[in-house]
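Given next are the chains, with one letter for each unit.
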Amino acid sequence: MRKTINCFIPYVESTAAQQTIATLKESSIVNKIYLLAINLDKTLSTPEGCEILPVDSLTSSATMQKIADRADRAYTLLYTKTSPLELGYMALERMVAFLQEKNTGMVYSDHFEWKDREKRKHPVNDYQPGSVRNDFDFGSVILFKSMYFIAGCYNMDKESKYAALYDIRLYLSFYYAITHINEYLYTEIEDDDRRSGEKQFDYVNPRNREVQIEMEKIFTAYLKKTNAYLQPEFTDIDLKEGDFAYQASVIIPVRNRARTIDDAIRSALAQETDFPFNIIVVDNHSTDGTTEIIHKYSDNPKIIHLQPERTDLGIGGCWSIAVNHALCGRFAVQLDSDDLYSDTHTLQTIVDTFYKEQCAMVIGSYRMTDFNLNTIAPGVIDHREWTEENGHNNALRINGLGAPRAFFTPLLREIGIPNVSYGEDYALGLAFSRQYKIGRIYEVLYLCRRWEGNSDAALNIEQINANNHYKDSLRSLEIKKRIRLNNYYDPERDQEDSSQIKAFIQEQLESWELARDNHQALMKVETKKFSINGSPFTVQYNPQRAISSTAKVDKESIKARPCFLCEENQPKEQESLDCNLLPYRICLNPYPILPEHLTLIGREHTPQTMKGGNLFEDFYDIIEEIPTYAIFYNGARCGASAPDHCHFQAVKAKDIPFIQNIETWMNDSQIITTEISYFEENYEGELPEICITQLYINKTSYPCPFFLIQHIGISEGQSMFNALIAALPKDKDAAEPMVNLLHWKEDEQYYTAIFPRSKHRPDRYFAEGEKQMLISPGALDMAGLMVATREEDFKKITAEDIVDILKEVGLSKEEAAKVPKQYFIEKEAIQKRLEELRKRN
């Protein structure tokens with residue numbers, strides 16, 4: 001077998017290295033062994049067949065570059081410990097087998113470890129998009145595909161002292177797969193005998209601050225590369241929102257803490273404030289006398305003792321019960337049942353910070369103590385690595401944000417708390433920091449007691465892995481949300497549109513001055529972002545769109561003008577693209593709302609209608625040609641500037657707020673019906689593939705009711721679409737109900753959003769003076785991107801205006817509530833007609 005691996009191992013002490021060298025030489029595929037010698041001891045001899053490589057550290061970019069310079073075999077092995085290594089039978093061959101898979105850049109595996117004179121299993125976690133913390137446990141043996149490792153070295157920060165390997169790993173994770181092998185392939189010696197509760201604070205140890213600053217620099221560059229980086233721009237909040245009897249509530253979830261709960265309650269009661277506060281103790285079925293201790297305070301009006309009926313609550317669930325209690329204060333402030341406030345002014349300091357910094361969440365600093373409040377290592381945890389400019393980004397890299405944590409209650413209720421007993425606070429920190437400002441207090445407000453009763457004092461490896469996996473999954477979700485917030489999807493999807501479409505757009509922008517100027521103007525267009533029910537809405541100031549938004553669409557005006565969508569009336573510079581014999585000409589929109597805005601124009605001059613539901617089939621065909629786009633349809637009486645000529649439009653799906661947050665809206669929606677069918681096209685002998693089509697209604701959380709169809713095959717979705725359109729209310733003489741449609745594809749799923757309308761334009765469009773606002777909603781406005789063509793409208797519009805406009809032009813909640821019943825009536829009628837047609841044929 002060819003010798004395909006060069007190995008690099010630390011070299012500090014000759015005896016320890018000899019065993020590692022021997023086990024590597026046993027493998028027939030090992031080529032050469034390099035000994036990474038830090039502060040080279042001249043007395044160390046060079047083992048036979050090895051080469052000593054002097055390095056400054058194992059973590060610097062200089063060391064990584066030296067390794068890359070010698071990575072002249074297909075694979076590069078890095079061992080990161082100085083203690084002896086023992087490889088399992090054919091271990092390297094197994095790692096190579098996994099690494100040979102296409103696009104895999106790095107592999108690592110489970111292993112055994114000698115600890116306390118006992119050989120134990122040490123499993124590690126799978127790598128996922130959120131495994132971005134710099135202390136992710138890969139074990140001590142990592143195997144790279146050399147060409148990818150070299151590429152990582154080429155792209156790394158050349159000045160790194162501590163973060164070079166982290167930098168390379170992040171690079172590899174972006175371009176290639178990092179694979180966990182679920183096999184115990186080697187044995188190492190675990191020389192860190194501290195308990196889990198002692199290790200978890202290493203990253204905030206002040207002695208490691210220089211390391212953390214460098215790690216943050218590397219990680220921030222990675223976020224920018226992946227489009228998950230967020231600018232330091234935060235949504236404003238109204239801290240006076242809502243009526244609260246109390247300004248603050250101290251929340252204490254507790255289960256079986258008879259030894260500490262009394263201390264915690266007395267610490268909260270001792271707070272001196274200039275505002276009313278209470279203490280909500282959620283007693284989660286304690287059995288050790290905790291309940292009886294809390295009962296001692298039953299006469300104290302400040303204490304609310306809650307005892308849930310549910311038996312499935314974690315710490316997060318207990319918090320949810322407290323926060324949603326009618327007497328919860330405007331600000332919800334953490335106090336764990338093990339811990340204490342540092343003095344009597346903690347609560348006042350936290351509330352003052354909310355108002356001073358106008359923030360949605362406040363995080364303080366704490367001091368680590370033993371049970372008797374003596375300071376223990378690492379002492380004060382202040383998270384001074386947090387900066388106002390980048391803390392919300394760096395939060396994704398670290399494992400915690402500090403304590404005590406306090407939240408603006410209306411937002412906390414809206415965002416929701418995971419019902420878990422580990423990581424619920426981190427999940428909230430990520431969610432809040434994504435959109436809202438977080439206030440920091442660097443003076444010690446809190447005493448965090450470490451004792452044998454702490455739930456994380458001495459965890460086994462399985463529980464440590466479970467905890468880390470959960471936080472990694474939170475990061476994975478959060479990174480996805482932040483990418484969407486930045487109007488960006490998977491970079492690979494941008495390569496899916498046909499080169500013909502891309503070339504056509506580029507040619508039009510080069511040859512058509514009007515289109516080029518208006519598309520270039522989009523680069524400087526002003527926008528305002530709002531949060532409505534926790535999701536972003538955008539208002540765009542786009543005066544070029546006035547020609548469409550203010551178009552006269554009455555019958556007399558339409559008769560008096562030539563149809564500007566008919567080919568003979570279009571500007572001579574505007575060309576058309578014929579695509580796969582579709583019944584539409586694809587044109588570049590000269591007055592774009594978003595980049596690469598297309599208009600798809602019917603070849604025949606026929607009225608703007610859904611063509612009896614056949615438009616749905618056209619949507620399906622077009623999306624196959626331009627899968628990164630979303631197609632939208634403005635009904636003749638609700639947004640179409642050319643109601644006399646059938647057409648629809650398309651923009652990049654990533655740019656539409658409604659699509660960015662579709663998971664949120666679906667979670668807040670009710671499923672009307674689920675239909676299960678089977679694809680007809682099946683290979684002989686294979687099980688038929690199941691197709692699930694679902695119809696949703698949202699009439700509560702979104703400003704106006706909408707319906708959503710999620711489907712795979714066209715026939716399943718079209719059947720549901722036709723029945724729904726038939727069920728919507730419409731005027732007696734109208735050809736179809738007033739609707740805006742939005743259709744897009746993600747992975748193998750298709751989505752069709754239907755926004756029923758009650759009117760074309762809101763009353764304020766026709767008002768006079770200050771009350772007038774020339775907003776004429778079409779499909780994109782209904783989907784969270786509202787266009788203002790006048791500067792005065794753009795400047796004065798508020799979130800309340802957006803909600804009011806969409807409510808006014810949308811279907812009322814009462815009318816929307818009637819649709820599901822009518823849907824099933826129409827569905828049955830359609831099926832009967834189909835059966836009759838089959839019988840005739």
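Heads up: these notes are all about the structure in this document.

What follows deals with the overall build of the protein chain. Scanning the protein chain for helices and strands turns up 28 helices and 31 strands. What you see for the protein chain is a C-alpha radius of gyration of 31 Å, in line with the 28 Å of a compact globule of 841 residues. For the protein chain, the spread of C-alpha atoms along the three principal axes comes to 95 × 80 × 55 Å. Within the span of the protein chain, comprising 841 residues, buried residues form 57% of the whole. The contacts in the protein chain between residues at least 6 apart in sequence include a share of 75% that link residues at least 24 apart. Just so you have it, the protein chain exposes about 37,500 Å², and 49% of that area is on carbon and sulfur atoms. Charge-centre separation for the protein chain: the mean point of 95 positive side chains lies 1 Å from the mean point of 125 negative side chains.

Moving on to unusual backbone geometry. Residue P378 follows A377 across a cis peptide bond; omega there is 5 degrees. When you line up the elements, P378 lands in strand β16 (residues 375-381). A cis amide bond links A403 to the next residue, P404, at an omega of 0 degrees. In this structure, P404 sits in the loop between α12 (391-394) and β17 (405-408). Despite not being glycine, E596 has its phi angle at roughly 55 degrees, a positive value. Take E596: it is sitting in the loop between β22 (584-588) and β23 (598-602). Note on E596: relative accessible area 30%, which makes it partly exposed.

Before going further, it helps to examine the state of the cysteines. Applying the stated criterion across every chain, the model contains zero disulfides. Free cysteine: C318, not disulfide-bonded; nearest cysteine sulfur from C328 at 14 Å. Take C318: its relative accessible area is 2%, and that puts it in the buried class. Between C448, a cysteine without a disulfide, and C318, which holds the nearest cysteine sulfur, the sulfur-to-sulfur distance is 19 Å. For C448, a relative accessible area of 10% gives the class buried.

Across the twelve residues that make up strand β6 (residues 104-115), a large majority, ten, are buried. Pairing between β6 and strand β7 (residues 118-122): five bridges, direction antiparallel. Bridge pairing in β7 places F112 opposite K121. Linking β6 to β7, which pair antiparallel, is a turn of two residues; within it D116 sits at a positive phi near 55 degrees.

This part is about the side chain of T290. Examined against the element boundaries, T290 turns out to sit in helix α9 (residues 290-295). Taking relative accessible area as the criterion, T290 reaches 0% and is therefore assigned buried. Every residue in contact with T290, bar those within four places of it in the chain, is listed here: V254, N256, R257, A258, I261 and D283.

Within a sheet, each strand pairs with its neighbour through backbone hydrogen bonds, oriented either parallel or antiparallel. In spatial order, the strands read β19-β20-β31; together these three strands make up an open sheet with mixed pairing. The open sheet terminates on both sides in strands that have one partner only, identified here as β19 (526-532) and β31 (785-788). Within this sheet the neighbouring strands show an average axis-to-axis angle of 25 degrees, counted without direction. When β19 meets strand β20 (residues 535-541), the two strands line up antiparallel, connected through seven bridges. Bridge pairing in β20 places S531 opposite P536. In the packing of helix α27 (residues 799-809) onto the sheet, the strands contacted are β19, β20 and β31, and the crossing angle to β19 comes to about 75 degrees.

Bringing the packing of helix α4 (residues 146-155) against helix α5 (residues 164-175) into the picture now. Helix packing geometry: the angle between the two helix axes and the distance between the axes. For the pair α4 and α5, interaxial distance at closest approach is 9 Å and the crossing angle is 115 degrees. Taken as a pair, α4 and α5 cross one another with a handedness that is right-handed. Where α4 approaches α5, its residues Y148, F149, A151, G152, C153 and N155 are matched on the opposing element by I168, Y171 and L172.

Within this structure, the stated rule accounts for 37 aromatic pairs. With a centroid separation of 5.9 Å and an interplanar angle of 45 degrees, the aromatic rings of F331 and F408 are classed as tilted. Highlighted residues: F331 in strand β13 (residues 331-334) and F408 in strand β17, separated in sequence by 77 residues. F408 shares its class with F331; the two are buried. Taking 5.3 Å as the distance between ring centres and 70 degrees as the angle between the ring planes, the aromatic pair formed by F658 and F755 counts as edge-to-face. Remark: F755 occurs in strand β30 (residues 749-756) and F658 occurs in helix α21 (residues 657-660); sequence separation between them is 97 residues. Members of the aromatic cluster, joined through ring pairs, are F537, F658, W665, Y702, F706, W744, Y751 and F755. When the ring centre of F371 is taken as reference, the NZ or CZ atom of R259 above it lies at 4.0 Å.

Quick look at the pattern of salt bridges now. Pairing between side chains of opposite charge can happen when the charged atoms of each approach one another. Summed over the entire model, instances satisfying the criterion amount to 36 salt bridges. The salt bridge involving K437 is made with E388; its shortest N-O contact spans 3.8 Å. You can see K437 sitting in the loop between α14 (424-435) and β18 (438-449) and its partner E388 sitting in the loop between β16 and α12, a full 49 residues away along the chain. In this structure, the salt-bridge partner of E746 is R484, at a minimum N-O distance of 2.4 Å. Of the two residues, E746 sits in strand β29 (residues 739-746) while R484 sits in helix α15 (residues 461-485), which places them 262 residues apart along the sequence. Overall, the relative accessible area of 6% leaves R484 in the buried class. Here the salt bridges do not stand alone but share partners, grouping D262, D263, R266, K296 and R449 into one network.

The rules we used
- Each chain carries its own residue numbering, running from 1 in the written order of its sequence.
- Per-residue local features are limited, in this predicted model, to residues with pLDDT of at least 70; the limit for side-chain atom pairs, both in listing and counting, is 80 or more; totals at the level of whole chains, interfaces and linings are taken over all residues.
- By convention in this description, side-chain values take in all heavy atoms of the structure and omit both hydrogens and water.
- Numbering of helices and strands runs from the N terminus; a helix is a DSSP stretch of H or I covering at least four residues, while a strand is a stretch of E covering at least two.
- Radius of gyration: C-alpha atoms only; globule rule: 2.2 Å multiplied by the number of residues to the exponent 0.38.
- Relative accessibility thresholds used throughout: buried, under 20% of the residue-type maximum; exposed, over 50%; partly exposed, between the two (1.4 Å probe, protein chains only).
- It only takes one pair of heavy atoms within 4.5 Å for two residues to be counted as in contact.
- Using a 1.4 Å probe, the Shrake-Rupley method yields the accessible areas, and only the shown protein chains count as cover for residues.
- Think of it this way: Lys and Arg go in the positive column, Asp and Glu in the negative one, and His and the chain ends go nowhere.
- The atom standing in for a charge is NZ when the residue is Lys, CZ when it is Arg, CG when it is Asp and CD when it is Glu.
- Count a disulfide wherever a pair of cysteine sulfur atoms falls within 2.5 Å.
- Two strands qualify as a pair provided that DSSP identifies no fewer than 2 bridges between them.
- For helices, the axis comes from a line fit to the C-alpha atoms of the stretch in contact; other axes are also lines fit to C-alpha atoms, and the angle between any two N-to-C directions lies between 0 and 180 degrees.
- In this scheme, a crossing is called left-handed if the near helix is turned counterclockwise away from the far one by less than a right angle; it is called right-handed if the turn is clockwise.
- Any pair of Phe, Tyr and Trp rings, taking the six-membered ring for Trp, is counted once the centres come within 6.5 Å. Such a pair is stacked with planes under 30 degrees apart, edge-to-face with planes over 60 apart, and tilted for the rest.
- A ring has a charge above it when a Lys NZ or an Arg CZ is no more than 6 Å from the ring centre and no more than 35 degrees off the ring normal.
- Whenever Lys or Arg places a side-chain nitrogen within 4 Å of a carboxyl oxygen from Asp or Glu, that contact is recorded as a salt bridge.

Keep in mind that these numbers describe shape and distance, not what the molecule does.
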